[in-house]
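Residue-level listing of the chains:
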Amino acid sequence: MAAHWGAAFAISWTIRARLRWPLYLHLPVVWVALELCRNHLFSGFPWANVGYAQVRTLPVAQLAALAGPYGIAALVLLVNAVLAETLAARRAGAALPRRALGVSAVLVAATLVHGALRLRTVRARAAAAPVLTVGVVQPNIDQSVKNKARDRSEWILGRLVPLTLEADRRGADLVAWPEATYPLYVPPGTRSFAGPGSGLRPLARAHLLMGAATVEWVAGSGGERVPRVGNVDYLLSPALDVLGVYQKHHLVPFGEYVPLAEWLPFLRHVVPSFAPAIPGRELKVLEFPAPGKQTPSTTTTTTTTTSTSTSTASGDVRLAPMICFDAIFPEINVAFARKEPEPEILVNPTNDAWYGYSSGPYQFLAIVRMRAIEAGKAVVRPAYAGVSAVILPTGELAPGALDVGPVDPGRAPDPAEPPRLLLAEVPRLLGLTLYTRFGDLFAWACAAATAALLAAAIRRRPSAERPPKET
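Summarised in this report is the structure supplied together with it. Since this is a predicted model, take the numbers as computed values, not measurements.

### Topic: the overall build of the protein chain
When helices and strands are counted, the protein chain shows 11 helices and 12 strands. Long-range pairs, those at least 24 residues apart, make up 76% of the contacts in the protein chain with a sequence separation of at least 6. Taken as a whole, the protein chain presents about 20500 Å² of accessible surface, with 60% of it coming from carbon and sulfur.

Printed below as a string of C-alpha cells:
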C-alpha cells in the first residue's frame, strides 16, 4: 500500500531532474494523480490518503465540498513542497522561493476563509432544516462471536432488539443497525420479517434499517451446488415488511471475494475458506414515508453553502446506504448524490470489529466524515463495534458518538461492554455541492498533467546540474 508514495516521488524527482522544475510546481499534481490511481487500480483501496489528515481541521476540510479529498491533498503537498524547497535553499545559501511562499500563503488563507464562511453558513441555517429522529444501535460484539452468529443468534438479538424497542419508544423515526448484524441467513426475495421465527418484534412508529446476509444455492461450474452470498441492507416498515433492499456495491478483496480466483486458483489459499459474496448491481436509494410535520432542531446543523436546494418535511425520506467498504470511495458518494430520486441522508452501516484494538476504526471514521463534507449531507453510522456516530454536513460529530472501542477478544463471547444506543436528530438535505456536481474532474486533470509532464521529462536528456532555485 506504500507503493504509490514511492511512485509519486520517483515520477516527481524525474520531472525535477530533467525539466529542472522545483518540487512545488509538480509534486502536488503528481501526488493527486497517484492517489487517484490507488483509488481504481487492483479493485481500489484509497485508505488513509493525505486529505483525510485534515478532517479535524474543519476550515481546511471544507475544501472537500469543492474538490473532494484530492483538493485537500494537493494543498497539503503544495505547502510541504514549498517549505522543503525553502529549507533546501537556506542550507545551500541560495535565494528563497519568495513567490512560491506568497502564493501558498494566499491559497491557505483563501481556504481558511472559505472554510470559515461555509461552517458559519451551515450552522446558521440549522434551524431551517427538517429533521429525522434516528436511533443507532451498536451491539459491541467481538468478531470471534460474530463469526459464529448462527449459533448465538438468540444472544445477539438480545443485544439488538431491546434497544431498538427503546429507540422506538423514545420517538425514533428510523433505527439503524450495523452491517450484517442480523444473525440468521435470509433467503433472497424475503418480503417480511414479521412472525416469531425472525426474532424481531414490530415497532410502533420507527422504520428499521437492518444489515443482513442473504444466501442462496446455485449450480457451480462443475454442476455442484455452491452458495451465493449477498451483503445487504433491508429497509423495514414498523410492521417489519420489506420496503427496499440495497446490496453492497464494492466488495472487500480477500475479505468478501478473491480477485482473479478464476485465473489464479492458488489465491484462494490466501484467506480461509469462505463463501464469496456477490456485489450489488446498482446504487439504490432506499425510501420510506416521512413522519408527520417536524419541528426543526436547534442543536443540529443542516445544509451546505454549495447546495442548490433544501428538502421539505413532506414526501419520502431517502437514504443512501453505503455499506462499510463502499464509503471509502468518494466516487460512490458522488454517484449516490446524482441519483434520482436524490438521497437526503447518507448511511454507513459497518463492522469495525475486524480491526480489534487499533487505529483502524478511527481512520475509517475520518474517511466517512469527509464523505459528509463532500456531499453536504449528514451521515448515520451504525458500527458493530468501534465508533458509531451521527456526522453532520460540516464533518462534525453530533453529540453522543459511541466511542467505546472494539471489544476485547479476551472477553468473548460475553464482553463487559454493553450494547449502546445513540439517539440523534438528523437533518434532511437536498442539493449538490461543486464536488458532487463535477466529481473528480480536478483529480483527472492532475492525472493528465502528470502523464504529459512525465512524457516531456523522459524525452529530455538528464541534466548533470542541480535544478535551479526560484529567485
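Let us keep going from here.
### Here's the deal with the pattern of salt bridges
In the structure shown here, the tally under the stated rule is 10 salt bridges. Between Arg 123 and Glu 396 there is a salt bridge, and its shortest N-O distance comes to 2.9 Å. Here Arg 123, found in helix 5 (residues 98-124), pairs with Glu 396, found in the loop between strand 10 (386-391) and strand 11 (402-405); they are 273 residues apart in sequence, far enough to count as distant. A relative accessible area of 38% places Arg 123 in the partly exposed class.

### Section: the side chain of Thr 181
Residue position: Thr 181 is located in the loop between strand 2 (174-176) and strand 3 (207-219). Within polar-contact distance, the side chain of Thr 181 engages the backbone oxygen of Pro 178 at 2.5 Å. In this view, Thr 181 contacts Pro 139, Ile 156, Leu 160, Gly 211, Ala 212 and Tyr 384; residues no more than four positions away in its chain are not counted.

### Some points on helix 8 (residues 330-337)
Summarising burial for helix 8: six of the eight residues are buried, a large majority. The complete set of buried residues in helix 8 reads Pro 330, Ile 332, Asn 333, Val 334, Phe 336 and Ala 337.

### Brief notes about the packing of helix 1 (residues 3-19) against helix 11 (residues 441-459)
The geometry of helix 1 relative to helix 11 is characterised by a closest axis approach of 9 Å and an angle of 50 degrees between their N-to-C directions. Here helix 1 is positioned oblique relative to helix 11, judged by the angle of their axes. For the pair helix 1 and helix 11, the sense of crossing is left-handed. Between helix 1 and helix 11, the residues in contact are Ile 11, Thr 14, Ile 15, Arg 18 and Leu 19 and Thr 450, Leu 453, Leu 454, Ala 456, Ala 457 and Ile 458, respectively. Split into classes, the residues belonging to the contact of helix 1 with helix 11 amount to eight nonpolar, two polar and one charged.

### A look at the packing of aromatic side chains
Throughout the structure, instances matching the rule amount to nine aromatic pairs. Residues Trp 47 and Phe 364 carry aromatic rings whose centres are separated by 5.4 Å and whose planes lie at 55 degrees to one another, so their mutual orientation is tilted. Of the two residues, Trp 47 is situated in the loop between helix 2 (27-40) and helix 3 (58-61) and Phe 364 in helix 9 (residues 360-375); the sequence distance between them amounts to 317 residues. A network of ring pairs unites the aromatic residues Phe 45, Trp 47, Phe 325, Phe 329 and Phe 364 as a single cluster. Above the face of the Trp 13 ring, Arg 16 is positioned so that its terminal group lies 4.5 Å from the ring centre. In this arrangement the basic side chain of Arg 150 is found over the ring face of Tyr 185, its NZ or CZ atom lying 4.1 Å from the centre.

### A look at the nonpolar core
Among the nonpolar cores identified, the biggest contains 88 residues, and Leu 174, Phe 336, Phe 364 and Val 380 are the most heavily contacted of them. A total of 11 residues in this core trace back to one element, the largest contributor, which is helix 4 (residues 64-92). Those residues within four positions of Phe 336 in sequence are excluded, and the remaining contacts are Tyr 246, Leu 283, Lys 284, Val 285, Ala 320, Pro 321, Met 322 and Pro 343. Counting residues in hydrophobic clusters, the runner-up holds 31 residues, among them Val 145, Tyr 182, Ala 212 and Tyr 384.

### A closer look at the side chain of Asp 326
Take Asp 326: it is sitting in the loop between strand 7 (316-321) and helix 8. Among buried Asp, Glu, Lys and Arg side chains, Asp 326 stands out as unpaired, with Lys 248 the closest opposite charge at 6.3 Å. A polar side-chain atom of Asp 326 sits 2.7 Å from a polar atom in the side chain of Tyr 246. Leave out the neighbours within four places in its chain, and Asp 326 touches Tyr 246, Lys 248, His 249, His 250, Pro 321 and Ile 332.

### Here's the deal with helix 2
With 14 residues, helix 2 extends 20 Å between its outermost C-alpha atoms, agreeing within 8% with the 20 Å of an ideal straight helix rising 1.5 Å per residue. Of all 14 residues in helix 2, 11 are buried, a share of seventy percent or more. Buried residues of helix 2: Leu 27, Pro 28, Val 30, Trp 31, Val 32, Ala 33, Leu 34, Glu 35, Leu 36, Arg 38 and Asn 39, and no others. Here the buried face of helix 2 lies against helix 1, helix 4, helix 8 and helix 11. The positive-phi residue at the C-terminal boundary of helix 2 is Phe 42, with phi of around 55 degrees.

### Notes on the environment of Glu 154
Assignment of secondary structure puts Glu 154 in helix 7 (residues 153-169). Here the alpha-carbon distance between Glu 154 and Leu 184, two residues 30 residues apart in the chain, equals 9.8 Å.

### Examining a nonpolar patch on the surface
Together, Leu 66, Leu 434, Phe 438 and Leu 441 line one region of the surface with nonpolar side chains, adding up to about 370 Å² of accessible area. Mapped onto the elements, Leu 66 comes out in helix 4.

### Describing the pairing of strand 1 (residues 131-138)
Among the eight residues that make up strand 1, eight are buried, leaving the element largely enclosed by the rest of the structure. Pairing geometry for strand 1 and strand 12 (residues 420-427), over eight bridges, is antiparallel. Across the sheet, residue Gly 135 finds its bridge partner in strand 12, namely Leu 423. Summarising the sheet, strand 1 and strand 2 pair through three bridges and their orientation is parallel. Looking at strand 2, one finds that Gly 135 is bridged to Val 175.

Here is what the cut-offs are and how they apply
- Residues numbered from 1 in each chain as written.
- Predicted model: local features only at pLDDT ≥ 70, side-chain atom pairs only at ≥ 80, totals over all residues.
- Heavy atoms only, no water.
- Helix = DSSP H or I, 4+ residues; strand = E, 2+ residues; numbered from the N terminus.
- Contact = heavy atoms within 4.5 Å.
- Areas by Shrake-Rupley, 256 points an atom, 1.4 Å probe, with all protein chains shown as cover.
- Salt bridge = Lys/Arg side-chain N within 4 Å of Asp/Glu carboxyl O.
- Buried < 20%, exposed > 50% of the residue type's maximum accessible area, 1.4 Å probe, protein only.
- Polar contact = N/O pair within 3.5 Å; in protein donor to acceptor, adjacent residues only side chain to side chain.
- Axes fitted to C-alpha atoms, helices over the stretch in contact; angles between N-to-C directions.
- Parallel < 35°, antiparallel > 145°, perpendicular 65-115°, else oblique.
- Left-handed = near helix turned anticlockwise from the far one by under 90°.
- Nonpolar A, V, L, I, M, F, W, Y, C, P; charged D, E, K, R; others polar.
- Phe/Tyr/Trp six-rings, centres within 6.5 Å; stacked < 30°, edge-to-face > 60°.
- Lys NZ or Arg CZ within 6 Å of the ring centre and 35° of its normal.
- Core = buried A, V, L, I, M, F, W, Y, C linked by side-chain atoms within 4.5 Å.
- Lys, Arg positive; Asp, Glu negative; His and termini not counted.
- Expected span 1.5 Å × (residues − 1).
- Patch = residues over 30% accessible without salt bridge, like charges linked within 9 Å, V, L, I, M, F, W, Y side chains within 5 Å.
- Pairing = 2+ DSSP bridges.

Remember, this is a structural readout, not a statement about activity or role.
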